[in-house]
Structures are given as structure tokens and as C-alpha cells.
Amino acid sequence: MALKRAVACVAALAFGWAGVPVHAYTVYVSNEKGNSLTVIDSETLQVLTTIPVGQRPRGIMLSRDDKTVLICASDSNTVQVLDVATREILAELPSGPDPELLNIHPSGSPIYVANEDDSLLTVIDLDTEEVLKEIVVGVEPEGVGVSPDGKTVVVTSETTNMAHFIDTETYEITDNVLVGTRPRFSEFTADGKQVWVTSELAGTVSVIDADTRKIIKIIEFEIPGVQEIYVQPVGVRVTEDRSKAFVALGPANHVAVIDAKTFDVMDYLLVGKRVWQLAFTPDQKLLFATNGNSNDVSVIVVPDLTVTKSIPTGTAPWGVTVSAE
Amino acid sequence: MAFQFPKAFRSMTKWSLECLLTVRFLVFFLCCPPVAIAAAGTDAPQEIDSARPALVRIGYLEQEVDDLIPLSRLKVKPDDLGIAGAEIALKDNNTTGKFTNQQFTLEISRVPVAGDAVAALRKLVETGHHFVLVDAPADVLLRLSDSVKGEPVLLFNISAPEVSLRQEDCRANVLHTAPDIAMLADALAQYLIWKKWRRWFVAKGTSPADKEYMEAIRRSAKRFGATIVEERSYKTAPGARRSDTGQQLIQLQMPVFTQGAPSHDVLLVADRREIFGPYLPYRTWDPRPVVGTAGLQAMSWHPAHEQWGATQMQNRFQRFAHRFMLPLDHQAWIAIRAIGEAASRTGSGAYDPINDYIRGDALELAAFKGQKVTFRKWDGQLRQPIIIAGPELPVSTSPQEGFLHEHQEVDTLGIDAPESKCSFDEGLSQSVKGE
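Residues numbered from 1 in each chain as written. Chains lettered and ligands numbered in written order. Predicted model: local features only at pLDDT ≥ 70, side-chain atom pairs only at ≥ 80, totals over all residues. Heavy atoms only, no water.

Visitor: Help me out: how do you make sense of the packing of aromatic side chains in this one?
Guide: Pairs of aromatic rings are described using the distance from one ring centre to the other and the angle between the two planes. Taken as a whole and judged by the stated rule, the model has 12 aromatic pairs over all chains. The rings of B:Tyr234, B:Phe257 and B:Phe276 are connected pair by pair, giving a single aromatic cluster. Lying across the ring of A:Trp318, A:Arg58 places its NZ or CZ 6.0 Å from the centre. Note that A:Arg274 overlies the ring of A:Trp276, its terminal NZ or CZ placed 4.0 Å from the centroid. (Phe/Tyr/Trp six-rings, centres within 6.5 Å; stacked < 30°, edge-to-face > 60°. Lys NZ or Arg CZ within 6 Å of the ring centre and 35° of its normal.)

Visitor: I keep staring at the side chain of B:His302 and nothing clicks. Help me out?
Guide: Residues and elements named next belong to chain B. For His302, the location among the structural elements is in the loop between strand 10 (297–299) and helix 10 (310–321). Taking relative accessible area as the criterion, His302 reaches 2% and is therefore assigned buried. A polar atom in the side chain of His302 sits 3.1 Å from the backbone oxygen of Gly390. (Helix = DSSP H or I, 4+ residues; strand = E, 2+ residues; numbered from the N terminus. Buried < 20%, exposed > 50% of the residue type's maximum accessible area, 1.4 Å probe, protein only. Polar contact = N/O pair within 3.5 Å; in protein donor to acceptor, adjacent residues only side chain to side chain.)

Visitor: Sorry, what's going on with the confidence of the model for chain B here?
Guide: Should the pLDDT be low somewhere, the predicted coordinates at that spot are not to be read in detail. Residue and element names in this part refer to chain B. Taken as a whole, chain B shows an average pLDDT of 87; of its residues, 84% reach a score of 70 or greater. Low pLDDT, under 50, characterises residues 1–48; the stretch is placed with 67 contacts to residues that sit more than four places away or in other chains. Considering only residues more than four positions removed or in separate chains, one finds that residues 426–435, a stretch of pLDDT under 50, has 14 contacts. Across the assembled chains, the prediction reports ipTM 0.84 with pTM 0.86. (pLDDT = per-residue confidence, 0-100. Contact = heavy atoms within 4.5 Å.)

Visitor: Help me understand the pattern of salt bridges in this model?
Guide: Once their charged atoms are close, side chains differing in charge can pair, the charge on each being opposite to the other. Residue and element names in this part refer to chain B. As enumerated under the stated definition, the model contains 40 salt bridges over all chains in all. With its nearest N and O atoms 2.8 Å apart, the salt bridge here joins Arg323 to Asp329. Accessibility classification places Arg323 together with Asp329 in one group, the buried group. (Salt bridge = Lys/Arg side-chain N within 4 Å of Asp/Glu carboxyl O.)

Visitor: Just checking my understanding: could you explain the sheet that holds strand 23 (residues 265–270) of chain A for this structure?
Guide: In a beta sheet, neighbouring strands are held together by backbone hydrogen bonds and run either parallel or antiparallel to one another. All names here are of chain A. The strand order 20-21-22-23 describes an open sheet built from 4 strands, whose pairing is antiparallel. Edge positions in the sheet fall to strand 20 (236–238) and strand 23, since each of these pairs with one other strand and no more. Between one strand axis and the next, the sheet turns by 20 degrees as a mean value, whatever way the strands run. Pairing geometry for strand 22 (residues 254–259) and strand 23, over 5 bridges, is antiparallel. If you follow Ala256 over to strand 23, its bridge partner there is Tyr268. (Pairing = 2+ DSSP bridges. Axes fitted to C-alpha atoms, helices over the stretch in contact; angles between N-to-C directions.)

Visitor: Would you take a moment to explain the side chain of A:Asp66 for this structure?
Guide: All names here are of chain A. Relative to the elements of secondary structure, Asp66 occurs in the loop between strand 4 (57–62) and strand 5 (68–73). Here Asp66 is buried and forms no salt bridge, its nearest opposite-charge partner Arg64 lying at an N-O distance of 8.6 Å. Within the structure, the side chain of Asp66 is placed 2.9 Å from the backbone nitrogen of Ala324, a separation counted as a polar contact. When near neighbours in sequence (up to four residues on either side) are disregarded, Asp66 contacts Val84, Ser323, Ala324 and Glu325. (Lys, Arg positive; Asp, Glu negative; His and termini not counted.)

Visitor: Where do I start with the interface of chain B and chain A in this structure?
Guide: How big an interface is tends to be stated in terms of the accessible area lost upon association of its parts. Taken together, the contact pairs 30 residues of chain B with 32 residues of chain A. At the boundary of chain B with chain A, total buried surface from both sides reaches about 2500 Å², with 45% on carbon and sulfur atoms. Area buried by chain B at its contact with chain A is led by B:Phe99, B:Gln312 and B:Lys372, which between them contribute 26% of it. Between the two partners, chain B and chain A, sit 2 salt bridges. (Buried area = accessible area lost by both parts, 1.4 Å probe.)

Visitor: Help me understand the nonpolar core, please; the structure alone is not making it clear to me.
Guide: It is characteristic of soluble globular proteins that their nonpolar side chains tend to be buried jointly. All names here are of chain B. One finds Ile58, Tyr60, Leu133, Phe156, Ile339 and Ile358 to be the most contacted residues of the largest nonpolar core, which totals 47 residues. Counting only elements with at least two residues in this core, the list comes to strand 1 (54–63), helix 4 (83–100), strand 2 (102–111), strand 3 (131–135), strand 4 (154–157), helix 10, helix 11 (327–346) and helix 12 (351–359). Excluding residues that lie within four positions of it along the chain, Ile58 makes contacts with Leu90, Phe104, Thr105, Leu106, Glu107, His129, Phe131, Leu133, Ile336 and Ile339. With 33 residues, the next largest nonpolar core counts Ala185, Ala216, Phe224 and Phe403 among its residues. (Core = buried A, V, L, I, M, F, W, Y, C linked by side-chain atoms within 4.5 Å.)

Visitor: For this particular structure, what's the right way to read helix 7 (residues 181–194) of chain B?
Guide: Residues three or four positions apart in an α-helix share a direction because the helix packs 3.6 residues into each turn. Residue and element names in this part refer to chain B. Here helix 7 contains 14 residues, and its C-alpha end-to-end distance of 20 Å stays within 8% of the 20 Å for a straight helix at 1.5 Å per residue. In terms of residue burial, helix 7 counts as a mostly covered element, since 13 of its 14 residues are buried. In the segment just after helix 7, Lys196 is the residue with positive phi, at about 65 degrees. (Expected span 1.5 Å × (residues − 1).)

Visitor: How should I be thinking about the environment of B:Gly205 in this particular structure?
Guide: Residues and elements named next belong to chain B. Structurally, Gly205 is set in the loop between strand 6 (199–204) and helix 8 (208–224). The exposure class of Gly205 is buried, given its relative accessible area of 9%. Expressed as a C-alpha distance, the spacing of Gly205 and Arg273, which sit 68 residues apart in the sequence, is 8.5 Å. When neighbours within four sequence positions are excluded, Gly205 is seen to be in contact with Asp210, Tyr234, Ala270 and Phe276.

Visitor: Is there a simple way to explain the environment of A:Val236 in this structure?
Guide: All names here are of chain A. Mapped onto the elements of the fold, Val236 is located in strand 20. On the accessibility criterion, Val236 (1% relative accessible area) is buried. On a C-alpha basis, the gap between Val236 and Arg184 in space is 9.8 Å, while along the polypeptide they are 52 residues apart. Discounting residues that sit within four places of it in the chain, Val236 has contacts with Phe185, Glu187, Trp196, Thr198, Phe246, Val247 and Leu278.

Visitor: Teacher, can you tell me more about the environment of A:Ser186 here?
Guide: All names here are of chain A. Within the secondary structure, Ser186 sits in strand 16 (residues 183–188). One polar contact links the side chain of Ser186 to the main-chain amide nitrogen of Gly145, over a distance of 2.9 Å. A polar contact is formed between the side chain of Ser186 and the backbone oxygen of Val154, at a distance of 3.0 Å.

Visitor: Any chance you could explain the sheet that holds strand 27 (residues 306–312) of chain A here in plain terms?
Guide: All names here are of chain A. In space, the 4 strands of this open sheet follow the order 24-25-26-27, with antiparallel pairing throughout. Only two strands of the sheet have a single partner each, and these edge strands are strand 24 (275–280) and strand 27. Recorded for the sheet is a direction-independent mean angle of 25 degrees between the axes of neighbouring strands. Note: strand 26 (residues 296–301) against strand 27, 6 bridges, orientation antiparallel. Counterpart to Asp296 in the pairing with strand 27 is Pro312.

Visitor: Before we go on, may I ask you to explain the pairing of strand 1 (residues 26–31) of chain A in this structure?
Guide: Residues in a regular strand project their side chains so that they alternate between the two faces of the sheet. Residues and elements named next belong to chain A. Among the 6 residues that make up strand 1, 6 are buried, leaving the element largely enclosed by the rest of the structure. Taken together, the 5 bridges between strand 1 and strand 28 (residues 317–323) define a ladder with antiparallel strand orientation. By the bridge assignment, Asn31 is partnered in strand 28 with Pro317. Pairing of strand 1 with strand 2 (residues 36–41), which is carried by 6 bridges, proceeds in the antiparallel orientation. If you follow Ser30 over to strand 2, its bridge partner there is Leu37. Counting the residues that bridge the hairpin from strand 1 to strand 2 gives 4 residues, and of these Asn35 lies at a positive phi of roughly 50 degrees.

Visitor: Looking at this model, I keep getting lost on the confidence of the model for chain A. Mind explaining?
Guide: When the pLDDT values of chain A are averaged, the result is 92; 93% of them are 70 or greater. Contacts of residues 9–19 of chain A to residues separated by more than four positions or lying in other chains number 11 contacts, the stretch itself having pLDDT below 50.

Visitor: What is the right way to read the pairing of strand 2 of chain B from this model?
Guide: Residues and elements named next belong to chain B. Of all 10 residues that make up strand 2, 9 are buried, and the element is covered over most of its length. As paired elements, strand 1 and strand 2 share 10 bridges and run parallel to each other. Directly across from Ala54, in strand 2, lies its bridge partner Gln102. A crossover links strand 1 with its parallel partner strand 2, the connecting element being helix 4, and its sense is right-handed. (Right-handed = clockwise from strand over helix to strand, strands pointing away.)

The following block contains the structure:
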């Protein structure tokens, strides 16, 4: 494995990942055990700085204006708002206990926070910092997807094994879709037509039609030399043109590449240990993958489907988000 | 300060526990619409319709036993041990049930020492409880199993760890969420081998329970390549568990008892009733780690286990029960979750579909163990990773890396299919498919 990665690195240096124009974006990685964010320059792939934050930071997301990073500080029971310019915590939002993942309405507010301990989705107005609503969902909610039109939020609950579709106007659950065991993440495609849900212990991805709310495809994975039980999908990202999807496979130490039209698995990219979450650069040329047990992020060149570099982070990197700045 | 209970629990009186029980039964009756009570037989279809939730009644039978007082006050058994785990699982099932229009109830039946457990089970079955968790010694479990043989009743053994229950005495109507002694011994042995602590000096009790534990330990040593350098029996009859001057005496006794052993890496204690084992750490003649039934131990769950999302389970449990979650609580929790999962996947409240699903290939459960847990087809045992822990913190989880298995590494723990002596008898085995 180390050898393969080394070869990939050397290849990348030798050929300079030709044909991939890269803008300098800023990558933020939450370090679950390090209680910090690692900040990385997407062009030089160097660590710029490390920012101490609350306890056990996991899900992180840039605000829609790219001015702040919202951080689920799970053990501090709050969502922190980090000013990217001053790198100071501006606010601590009343998220409820044990926030794990969040998402933001396309208009920039409100935010939707999954509270694992309490079977709640908390809706918080980002401007007034007030809780607008707490929505009772299944046991141990985690993944939060927001439709591009802002009308629907999809929350996954890990013990109930459902994707709950919630109307953002009425805050009512309109549909419950049973998915594979321990669903952890939900992602709307950019066209709003599908919701991709990963099931960690089932080892599958369910693709749900956003209109009919029926599962149209269950994607399975098979990596040579890896026992099926270690294939544990967590993070998933679909390219804007819905040509490809990338799925972080946890302790299988690979990111799966899927043809998002046919749902066929095209490739498995070897990354670090215990890969959690994924984030594209805004130009979708690079994909960053957090490796929780090897304390690094892997950099995937999207057009080439190669892993070019691993960048050391703090301890136990978990969430990742990329700023256009 | 291992297993120290929060203040709220330590001050919990019997009165408040009785209140809890009363509330429990009130909730039970309030939750049962009269129509559903009338349809108690399993043959009556309990299809889901929008107006009336499908009802799944779960029983919990505890045979109380005369336990020795634990040597440590920290190990005093909570009165609701296991029951609290079942109750929070019921809550979880009912949260899911809101979305699937299913409702789960729990009836708890506690049989006093020398009481009639078979009659208690009969009463549960007659009131429509066809899934019953059993917290009872092995002999009682077998009597219970035989008493409902051929009936649509599925028992979950949540506590008895005897290997024989999964081997020559296995029963088709029993699934085991409690790990057996062979799994626990293998899990510990794999960790010791991983540490390269291969030479074991054994201090063993003389009870039948300790003899059985030693059989599992010898099997593990042979399987994984450890050497038992000596087996030494602790023969002193147990006296009073508490005394004003006991400590000075023990400080002298334990070094002498462990003196003169051949060269060894660990002292492995086989003392399931805890007559002397807890006295050994820090008092051995040679400065060696103590493992086995004292010191570093193998278990299904530890109150400080926080891997794989377990933090949220621990938090929820502590808020609910006002104490830490212990192995029996988790073993009860997972049994009720299996029923809940089967109900939500089959969309049914009826016995047959739920029973078939639990025994089928599709069932997979999330148990905060880093991988799905499932039931072994050949003996009804829940296959699950086992936690290796000291008093305060988990140290590791077995199976250890490098212990390979052709299908699932977790099946390197315990009795695997090729060596199993279990064969379920004809009439009951139609839904227990071989793998």
C-alpha cells in the first residue's frame, strides 16, 4: 500500500498532474481527536495553519458566502462559527447535544443540524442564532442533505435505518425511506433529482428518486482482497454534471468511483486508513478525502482518477469543506 | 474507580425502582388498544393498517439467583440490570415504529429464587408474547426452551455464557445474544498473542464454572499458540466477603499463592465467581499483568466503550437509566433491536415473518461494534466483535488483525461451523438454514 502510494506521488511529481489547472482554494479539515481544524492550500497542497476549536469537531461546512466555517463540535454540544478571515470563533450556536453533521439552506440560512443523542434535527437561523424548530426524527440522526431548491431536507437516522424527507416550509416529515443498516450521509445531486444515501454497515449506497421517494438503485461494492464486512461507506459526493460519484469506504481504505449514470463501480482508489468524508474543490478538479486512522487527507485528481498526495493533518481527521477563496 | 455509578444511581432507592416498574406497566397497558389484546394469538394476522399500529409484544423473563456479594462495592449488580437495556431498546423500536406504524411492548416477569420459571414463561406466551428475552442460568434456559418446543416462540438467551448451550445442548428456539465463554476466551487469547504474551500462568478456582472456563482457555491456547506454564488451584474456601482486617491478610496471601511459578508473561485467572481473582492484581509474586476473569477481561460491552458511535448509545442509556450501561444491558438491547429491525424490514407485527427474518440472511444489526452483527446459522450465536478491557477503559477489540478466516474474521472467535456439535432437531429447524 505504502509502495503504491509512493509510486502515485512520484508519478504526480514527475508529470505534475498535467492538464489540471488548479486555483488556490482553501481546504478546511476537522480533526476529531485533535480538537482543531487543519487549513490547507489546494494549489501548493501545504498545510497553512492549524486552528484550535471546540471538542470533537466532526461535520464542517462553509457558509454559503464562504466567510465562516460552521463546525459541529460534538463534545462541546454546539455548532461553532469560525471567521475564516480572522480565524476566530464568532459564535456558538445552540445546536442541542452532540451535533455531528449539518447542512445549510441554499439561501444561506437556516442551517440544519443532526443531534445524534436526541433523535432531533435542529433548525437554526444563522443570522439571529435562534432555534427555529426541533424536528423529531429517527434514532441517531446523522446525514443531512438539502435539495438545491431548498424545499426538502433529507436526514438519515442510524438506528432507525431511514432517510426522512422533511418539508422545509412546514417542518413536517413527508416520507420515510427504509435504507440499508446504519445510514450515515445523504447528498442531493446538483440537479435535485436524486438523493444518494450511504449505509455504513450494509456496505451499500441507496440512490433515491427525489420525486417518487423510491429507491431506484442499491449500489454494492467488492474490493479484491478486502472482506465485505470492512466495506463501510460513509461520505459520498456526486459531480455537478452527475457523471461520477465518489464514495468513502471507511476501513476498506478506498474511495469508490461510480458512473453516476449507470451506477456501475468504475474504480477503487487506494487512500489512507478509515476514510470518512469527501469534498470537491469548487472547480471539481480535486477531491479531498479525510483518513481518520492515518491522520492525513488524500488528494484525488478527479479527471485522472488518481490519488496524487497525502497531506498530514491533526489527529483523526473527519470532516472536510473547501472554500472558493 | 471502575464501574462507579453516578450519584443519582447510587442513591436510587428500592422505592424509586418500584415506581419505575409501576410506570412501566401503566405505560404497557395504556399502549395496548383493547382490539390488539383480543388478537393475541399468533395466527391472527396483524397486518399494518393506517388506523391501528401493528403490535409486537416482547416478554422479558428473569430468573433471580442467589449471587455472592461481589468483592468490590463497585460491582454491585443494579436491580434493573438487563431490564434497562431492554427498555431503551423498546424506546428505540417505538421511535422507528412511529414511522412504520408499529408498536412494541415489553412485559417483564421476574421469577424469585426457587420460583417457577416455566409457569412464568407459559403466562407470557398465553398473553401473546412470542418473543421472550431470558436472563436465567443455563439449566433454567433449557427447561424454558423445552417447555415451548414446537410452539411459535423464540427465546433470546441474553445472559448464559455456557458453551454447551451452543453445542450439544443447542436448541432451535433459542438465539444467543450473550457471547459464550469460548468467544470470550478466544478474544482475550488473540489479544495476548498480539501482545506476544504467550506464556500463561493460570490461577484457577475449583467450581464447575471455572472448569468450563479453563476448557475454553486451553482450547484458545492451543488454537492460537500460547503455552500454559502451570495451572494452580486456589482451594481456600470462600469466607466472609467483607471484614475489617481482611486486606492485610490478603496482601500476605496472594504473593505466597503465586510464588514459584515457571517463567510467564501473564497471570491468567479462572475464577468466574470472583472468590479470589479480584485480589490478584498488584499482589502477585512476580510483577505480571493479571488477565482472565480479573484484570484485563473480554466482554460484549464496557461502560467506557466509545468507538463506532457507542458514545451516543452510552449517553442515551445513562440519561435513561441513571447508571452506566453494562454487558447484560447491551445483550438485552441487541435482542430487542433484532426484533425491531425484523419488524420494520418485513413491515409486519406477526410472529412468522419476524422470526423468519431474524433467522434469515438479510438481518444485519448495528451494535456499535464497528461492523454489522448477525446470528450464526449453525448454533444461533450472535457473532460480534468482543471488547478487551481493563477496569477503566477498553484496551482493544477482537478479532485482532492477522487472525484470518475464510469468510468473516469475527468467526475466529468461538466455535466455528466445521467444529460445531450443534444440530437443531427436525421439527424446529425448517427456518434455520445451514450456511
